[in-house]
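Coordinate analysis (summary)
Each chain, letter by letter, is given below.
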Amino acid sequence: MKAEETRKCIVCGEVLPKEKLLRFTLTPDNQIVPDFKKKLPGKGIWVTNSKKALMIAVEKNLFAKAAKKNIKVDAELVDMAENILHKRALDAISLARKAGALVSGFEKVCEAIKKNKAAFVLEAKDAGADGHNKIMNLAKNLEVFHTFSVEELDKELDRVNTVHIALLHGEMAKAVQMEISRLEDFLNS
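First, a word on what this report is: a plain description of the structure on this page. Note on numbering: residues in each chain are counted from 1, in written sequence order. Local features in a predicted model are, by the rule used here, given only for residues with pLDDT of at least 70; side-chain atom pairs are given and counted only at 80 or more, and totals for whole chains, interfaces and linings are based on all residues. Calculated side-chain values reflect all of the structure's heavy atoms, with hydrogen atoms and water omitted.

**Some thoughts on the sheet that holds strand β3 (residues 21-26)**
Strands pair, by our definition, only if DSSP identifies at least two bridges between them. Strands here mean DSSP runs of E at least two residues long; helices mean DSSP runs of H or I at least four residues long; both are numbered from the N terminus. Taken in spatial order, the three strands line up as β4-β3-β5 in an open sheet, and their pairing is antiparallel. With one partner strand each, in any of the chains shown, β4 (32-34) and β5 (44-48) form the two edges of the open sheet. Between one strand axis and the next, the sheet turns through 35° on average, direction left out of account. Note on geometry: axes are lines fitted to C-alpha atoms, helical ones only across the stretch in contact, with angles between N-to-C directions running from 0 to 180 degrees.

**Observations regarding the packing of helix α3 (residues 77-98) against helix α7 (residues 171-188)**
Where α3 meets α7, the closest approach of the two axes is 9 Å, and the angle between their N-to-C directions is 160°. Of the possible angle classes, the one that applies to α3 and α7 is roughly antiparallel. Of the two elements, α3 crosses α7, and the hand of that crossing is left-handed. Counting all contacts with α3, which are made through V78, A81, E82, L85, H86, R88, A89, A92, I93, L95 and A96, the residues of α7 involved are M172, V176, E179, I180, R182, L183, F186 and L187. When describing relative orientation, an angle under 35 degrees is termed roughly parallel and one over 145 degrees roughly antiparallel, while 65 to 115 degrees is termed roughly perpendicular and anything else oblique. The hand of a helix crossing depends on one turn: near helix anticlockwise from the far one by less than a right angle means left-handed, and clockwise means right-handed. In this description, contact between two residues means that some pair of their heavy atoms is separated by no more than 4.5 Å.

**Overview of α7**
Multiply 1.5 Å by the residue count of a helix minus one, and that product is the helix's expected span. Over its 18 residues, α7 extends 25 Å from the first C-alpha to the last, a length consistent with the 26 Å expected when each residue adds 1.5 Å. Among the residues of α7, those classed as buried are A173, V176, E179, I180, R182, L183, E184 and F186. A 1.4 Å probe rolled over the protein chains alone gives each residue an accessible area, and that area as a share of the maximum for its type sets the label: buried under 20%, exposed over 50%, partly exposed in between.

**Focus: the pattern of salt bridges**
Within this document, salt bridges are pairs made up of a side-chain nitrogen of Lys or Arg and a carboxyl oxygen of Asp or Glu, the two lying within 4 Å of each other. Evaluation of the coordinates by the stated rule reveals nine salt bridges. Here K51 and E82 are joined by a salt bridge, their closest N and O atoms 2.7 Å apart. Here E82 lies in helix α3 and K51 lies in helix α1 (residues 51-59), a separation of 31 residues in the sequence. Judged by its relative accessible area of 25%, K51 falls in the partly exposed class. Residues D91 and K87 are paired through a salt bridge, measuring 2.9 Å at the closest nitrogen-oxygen approach. Here K87 and D91 lie together in helix α3, a separation of four residues that amounts to about one turn. What makes D91 partly exposed here is its relative accessible area of 34%. Each of E5, R7 and K18 takes part in salt bridges that share partners, so that together they form one network.

Encoded structure:
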């Protein structure tokens with residue numbers, strides 16, 4: 001079994017698994033850029049997956065300290081990171097739809113939950129109280145995310161009034177859950 005790779009956060013100094021951190025790298029013109037796919041060349045600079053931690057890193061110029069050189073940090077780096085994480089989560093949902101790994105619509109989602117086919121549920125954050133209460137009662141043992149609005153889900157899935165989605169058990173559900181969890185951790189930590 002492969003040992004879990006760890007890196008040190010430049011903000012808190014804690015050594016964490018790479019999955020709990022965001023990677024940034026230095027461009028040849030000394031700018032810090034997000035590298036969440038971990039594919040860009042150069043030494044990574046790691047920050048805990050938290051909006052607050054990233055804000056501290058930018059405000060206190062911790063990237064320059066970590067790189068040991070005078071570097072440029074875009075004032076929009078925090079927003080850029082959030083937008084990338086947001087897009088990755090929505091792209092994962094879209095990919096799951098194309099793979100047939102999700103169902104949408106209140107009745108289909110309820111059926112998937114009852115038949116134990118749902119890995120987790122995604123409910124629009126602006127869902128109505130009645131549908132929300134019914135889904136929450138039915139999905140007692142499932143994780144329910146409230147990350148995206150109806151409008152965002154409609155646009156991503158090319159549908160109308162997408163309020164409830166169930167991701168079906170399988171590798172695709174794990175990938176989508178990881179991307180949504182990563183976004184939520186960033187926003188809520």
